[in-house]
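The residues making up each chain are set out below.
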Amino acid sequence: MEIKKLPINLKVQEFPFPKTSNLTIRQQGDNSIRGEMNHQFVITGGPGGGKTTILNALAERGYRVVPETARGIIKKRLAAGLSPRPDPVSFGQEILSSDIEKYRNSTLCKHAVFFDRGVLDALYMLDAVGALTRDEIEQYVQQFPYNGIVFLLPPWKEIYVTDSERDQSFEESVTVFEDMKKWYLQWNYETVEVPRGNINERILFILQFIAP
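Residues numbered from 1 in each chain as written. Predicted model: local features only at pLDDT ≥ 70, side-chain atom pairs only at ≥ 80, totals over all residues. Heavy atoms only, no water.

Participant: Help me understand the confidence of the model for the chain in this model?
Facilitator: The predicted coordinates ought not to be read in detail in places where the model reports low pLDDT. Looking at the chain, the pLDDT average stands at 84 and 81% of residues meet or exceed 70. Scored below 50 in pLDDT, residues 1-32 makes 51 contacts in the model with residues more than four places away or belonging to other chains. (pLDDT = per-residue confidence, 0-100. Contact = heavy atoms within 4.5 Å.)

Participant: Sorry if this is basic, but what is going on with helix α5 (residues 119-128) here?
Facilitator: One full turn of an α-helix is made of 3.6 residues, so residues set three or four places apart face in the same direction. Counting buried residues along α5, seven of its 10 residues qualify, which places the element largely inside the surrounding structure. Residues of α5 that are buried: Val-119, Leu-120, Asp-121, Ala-122, Leu-123, Tyr-124 and Leu-126. Where α5 is buried, its residues contact β1 (40-45), α4 (88-106), α6 (134-143) and α7 (170-186). Gly-130 sits one or two positions beyond α5 and adopts a positive phi of about 70°. (Buried < 20%, exposed > 50% of the residue type's maximum accessible area, 1.4 Å probe, protein only. Helix = DSSP H or I, 4+ residues; strand = E, 2+ residues; numbered from the N terminus.)

Participant: Which parts of the structure should I look at to understand the pairing of β1?
Facilitator: The side chains of a regular strand alternate between both faces of the sheet. With six of six residues buried, β1 lies mostly within the body of the structure. Of the two faces of β1, both are covered, the one formed by Gln-40, Val-42 and Thr-44 as well as the one formed by Phe-41, Ile-43 and Gly-45. As paired elements, β1 and strand β3 (residues 113-116) share four bridges and run parallel to each other. If you follow Val-42 over to β3, its bridge partner there is Phe-115. One ladder, built from four bridges, connects β1 with strand β4 (residues 149-153); its direction is parallel. Paired with Gly-45 across the bridge in β4 is Leu-153. (Pairing = 2+ DSSP bridges.)

This is how it looks when you write it as C-alpha cells:
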C-alpha cells in the first residue's frame with residue numbers, strides 16, 4: 001500500500017479555519033464547544049498504558065470508539081514489507097490527516113465517542129519536529145475541539161509489553177506520558193489521570209465523567 005505524503009506547506013490550506021477572535025485559546029477555555037455538549041473524548045498517554053484494552057471494553061458496553069491511527073499505519077507498512085514508520089514529518093502528517101477525517105466522521109454522534117489519541121496528539125508530533133508554526137497549531141486546536149476533559153493513562157510497567165507495532169521502551173513511554181500531559185494542559189484541556197486497576201474499575205472511573 002502506498003503511503004501518501006502530505007506536503008507541509010499545503011497542510012493549513014487543506015482544512016479551512018474559522019475566523020479567530022482576539023482571545024487566546026486559554027481565554028476561550030470555557031467555551032461551550034468543549035463543554036457537556038461535546039461528546040468527543042480523548043484517551044491518551046504513553047504507549048502500553050492500557051488504552052486499547054479500555055477502548056475495547058467501552059465498545060463492548062455499546063460506546064462508539066475510534067482506534068489509534070499510528071498503529072494502523074505501522075501495521076499496513078509492515079504488511080507491505082516497509083519500515084514501521086516513514087520519516088517523522090510524513091508520519092505525523094499522515095496521522096493528522098487521518099485523525100481529522102475520523103473527527104469529522106464523529107461530529108454528528110449524539111452520544112459519547114472515545115478516541116484512542118486525537119488530533120492534538122498528531123499536532124504534538126509535528127510540533128516536536130518543527131513542521132508546523134504555533135499559529136497553525138492553534139488554528140487546528142480551535143477547529144477540532146474535543147470535550148474539555150482528557151483521560152490520561154499513566155505508565156504501568158507491570159503490563160507494559162512491546163509488539164510489532166509498539167517498539168518503544170518503557171522509559172520512552174514515561175516520557176510520552178509526561179509530554180502529553182503538558183501538551184494538553186498547554187491547550188487548556190483538563191487532564192484526568194485514570195488510576196491503575198482492573199478493567200472494570202478503570203471503565204467505571206471514566207464513565208463517571210460522562211453525562212448520561
